[in-house]
Amino acid sequence: MAFDYKREYKDLYRPGRKPALITVPPMNYVAVRGKEDPNAEGGSYQQALQVLYGISFTIKMAPRSGHAIDGYFEYTVPPLEGFWKTAGDSLFDPSRKDRLEWTSCIRLPEFATEDVLEWAKAEAARKKGAIFDAAEFLAVDEGLCVQCMHLGPYDSEPATIEAMESFADEAGCAFDHGHGRLHHEIYLSDPRRTAAERLKTVIRIPVAPR
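Below or above, wherever it landed, is the structure these notes cover.

Quick notes on the rules
Residues numbered from 1 in each chain as written. Predicted model: local features only at pLDDT ≥ 70, side-chain atom pairs only at ≥ 80, totals over all residues. Heavy atoms only, no water. Patch = residues over 30% accessible without salt bridge, like charges linked within 9 Å, V, L, I, M, F, W, Y side chains within 5 Å. Areas by Shrake-Rupley, 256 points an atom, 1.4 Å probe, with all protein chains shown as cover. Salt bridge = Lys/Arg side-chain N within 4 Å of Asp/Glu carboxyl O. Lys, Arg positive; Asp, Glu negative; His and termini not counted. Charge placed at Lys NZ, Arg CZ, Asp CG, Glu CD. Helix = DSSP H or I, 4+ residues; strand = E, 2+ residues; numbered from the N terminus. Buried < 20%, exposed > 50% of the residue type's maximum accessible area, 1.4 Å probe, protein only. Phe/Tyr/Trp six-rings, centres within 6.5 Å; stacked < 30°, edge-to-face > 60°. Lys NZ or Arg CZ within 6 Å of the ring centre and 35° of its normal. Pairing = 2+ DSSP bridges. Core = buried A, V, L, I, M, F, W, Y, C linked by side-chain atoms within 4.5 Å. Contact = heavy atoms within 4.5 Å.

### Some words on a positive patch on the surface
Moving on, step 1. Where like charges cluster on the molecular surface, the positive patch consists of Lys10, Arg14, Arg198 and Lys200.
Moving on, step 2. Positionally, arginine 198 belongs in the loop between strand S8 (183–187) and strand S9 (200–209).
Moving on, step 3. Arginine 198 sits in the exposed class, given a relative accessible area of 59%.

### Observations concerning the pattern of salt bridges
Moving on, step 1. Taken as a whole and assessed by the stated rule, the structure comprises 14 salt bridges.
Moving on, step 2. Where aspartate 4 meets arginine 7, a salt bridge forms, and the shortest distance between an N and an O atom there is 4.0 Å.
Moving on, step 3. Its relative accessible area of 17% is what places aspartate 4 among the buried residues.
Moving on, step 4. Residue classification places arginine 7 among the partly exposed positions, given a relative accessible area of 36%.
Moving on, step 5. Each of Asp4, Arg7 and Glu8 takes part in one network of salt bridges that share partners.

### Some details on the packing of aromatic side chains
Moving on, step 1. One pass over the structure, following the stated rule, counts 15 aromatic pairs.
Moving on, step 2. One aromatic cluster is present, formed by Phe3, Tyr5, Tyr9, Tyr72, Phe73, Tyr75 and Phe111 through successive ring pairs.
Moving on, step 3. Its guanidinium or amino end placed over the ring of tyrosine 75, lysine 60 lies 5.7 Å from that ring's centre, counting from NZ or CZ.
Moving on, step 4. Positioned over the ring face of tyrosine 9 is arginine 107, at 5.3 Å from the centre of the ring.

### Concerning the pairing of S9
Moving on, step 1. By the criterion of burial, S9 is predominantly enclosed, with seven of the 10 residues buried.
Moving on, step 2. Inspection of the sheet shows strand S7 (residues 173–175) paired to S9 by three bridges, in the antiparallel sense. From the neighbouring strand, cysteine 173 faces S9, where its bridge partner is proline 209.
Moving on, step 3. Pairing between S8 and S9: four bridges, direction antiparallel. Counted as the bridge partner of tyrosine 187 is threonine 201 from S9.

### A short note on the nonpolar core
Moving on, step 1. Ranked by size, the top nonpolar core spans 57 residues in total, and within it Val30, Ile55 and Ile59 carry the most contacts.
Moving on, step 2. Element by element, the count of residues in this core is highest for helix H3 (residues 44–60), at seven residues.
Moving on, step 3. Every residue in contact with isoleucine 59, bar those within four places of it in the chain, is listed here: Tyr72, Tyr75, Leu108, Phe111, Val116, Trp119 and Ala120.

### Points about unusual backbone geometry
Moving on, step 1. The phi torsion at histidine 179 lies on the positive side, around 55°, for a residue other than glycine.
Moving on, step 2. Turning to its location among the elements, histidine 179 is positioned in the loop between S7 and S8.

Have a look at this one:
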């Protein structure tokens, strides 16, 4: 059976709807950075997703391409994720979509080194006739965060974020944006196939003890 990160790490990908503290371990991603409204039709965000999925599935299918990777194991490609901030500020304001800065990403399996990523970029470009240079290897160590499952449209996230901030305060912590620590979302639903009120999004926000 293919290794499924969502199944094996339920604390990271299937949190409850009530906020909770979690210490997130270091992990690596394939990532693309950008600035603009993510809803822009045919914009850079949509292009970034094509790059991320193209590379992720190239790595997953490497054995079928005849490419041997040390330590390779069968796995399910993890869900799309994103780190967000508003231009000029380390905070995330979802109401100012034209000012958003994002790092869209997909978790890499442990065997996927920077060399593996560079091979995948070249292989994806060769097969698909597209350019994958925007993709980068991103190592993230989030540490202490508050997280919970948000159910519903993305535009209703502020209410969930407010509840998370209240919980963090009661736990003796405060939001700790900046210094590379950003608002983080994990998208468990495909908005093209899921009604807005049924979308499931993990929201994770860095905190520090007061």
